[in-house]
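# Structure at a glance
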Amino acid sequence: MVLPKFSLCFWLLLSPLLILFMNYPVKCDSDEEDNLYQGINKYRASINLKALTRNDNADCLANKIADQFKKQPCTNTTGANTVPGTEPQFSNYPDLLSKCDLAISNTRDGNIMPVCVPGLVPSLVLTNFTKSLYSDSLNDTTYTGIGIGSEDNWIVVVLTTNTPAGTFSPYSSNGANLISKSGLLYCSMLFLVGYIFLL
Ligand SMILES: *[C@@H]1O[C@H](CO)[C@@H](O)[C@H](O)[C@H]1NC(C)=O
Ligand SMILES: *[C@@H]1O[C@H](CO)[C@@H](O)[C@H](O)[C@H]1NC(C)=O
Ligand SMILES: *[C@@H]1O[C@H](CO)[C@@H](O)[C@H](O)[C@H]1NC(C)=O
């Protein structure tokens, strides 16, 4: 499983210039995240809604949020079972945003949905979104994009919109920075892991 990712990341690392010219998308997602992405879009198709497109910066934020949650155990009051209005707040949220090249102004309309499933069993992960209160948001035509991140037993979905306050477009967009820092960091980590496995 590591090898195909390894080779893609290998090239991502070795040929950054080529990638800049080709506007090559960063694709180093875990299987759990890909499964969930496909599952959510199948769910959307089943109720005649447009597929959500993957957003790199929302992916980054989802990973940062999952990282905040990862040490918390799964209980019947966490994740999809959280009572609305009692969601955990992170005092370092502005930092997490800026690490993903985002700001309050272009993320306000977004929606962050954390889920906790031991072992991230794909079928349970999907139903935690589609058969919980979160389905309310998945049913919503306002949302057009999605980011997914996971850490340990936690997987986080971030929904984005087409409105200026929900685009999750890079805040300091300068046109040349086509590879997100997070994507590159993630690839570097996979690269190292892949390298260790090869040796
Ligand atoms: C959650 O679990 C605790 C025991 O672990 C139980 O007492 C409580 O009733 C449960 N709450 C719900 C809403 O299922
Ligand atoms: C969500 O996942 C938990 C495991 O953490 C599982 O017990 C529960 O049944 C799932 N809920 C739904 C609605 O699928
Ligand atoms: C979302 O739509 C599905 C299919 O129409 C429905 O079963 C579900 O109850 C809706 N969710 C909410 C929270 O309204």
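Criteria and thresholds
- Residues numbered from 1 in each chain as written.
- Chains lettered and ligands numbered in written order.
- Predicted model: local features only at pLDDT ≥ 70, side-chain atom pairs only at ≥ 80, totals over all residues.
- Heavy atoms only, no water.
- Salt bridge = Lys/Arg side-chain N within 4 Å of Asp/Glu carboxyl O.
- Helix = DSSP H or I, 4+ residues; strand = E, 2+ residues; numbered from the N terminus.
- Buried < 20%, exposed > 50% of the residue type's maximum accessible area, 1.4 Å probe, protein only.
- Core = buried A, V, L, I, M, F, W, Y, C linked by side-chain atoms within 4.5 Å.

### Regarding the pattern of salt bridges
One pass over the full model with this rule turns up five salt bridges. Glu33 is paired through a salt bridge with Arg54; the nearest N and O atoms lie 3.8 Å apart. With Glu33 in helix α3 (residues 31–46) and Arg54 in strand β1 (residues 53–54), this residue pair connects regions lying 21 residues apart in the sequence. Taken as a pair, Glu33 and Arg54 share a single burial class, namely buried. Residue Asp34 pairs with Arg54 through a salt bridge whose shortest N-O separation is 3.7 Å. With Asp34 in helix α3 and Arg54 in strand β1, the pair connects residues that are 20 residues apart, well separated along the chain. Looking at Asp34, the relative accessible area reads 25%, which means it is partly exposed. Owing to a relative accessible area of 17%, Arg54 belongs among the buried residues under this scheme. Through salt bridges that share partners, Glu33, Asp34, Arg54 and Asp59 make up one connected network.

### Some thoughts on the nonpolar core
Formed by 19 residues in total, the largest nonpolar core has its most connected members in Leu36, Phe129, Ile155, Val157 and Leu159. Elements supplying a minimum of two residues to this core: α3, β2 (111–116), α6 (122–130), β3 (143–151) and β4 (154–161). One finds Cys60, Phe69, Leu97 and Cys116 within the second-largest nonpolar core, a separate group that totals 17 residues.

In short, shape yes, function no, at least from these values alone.
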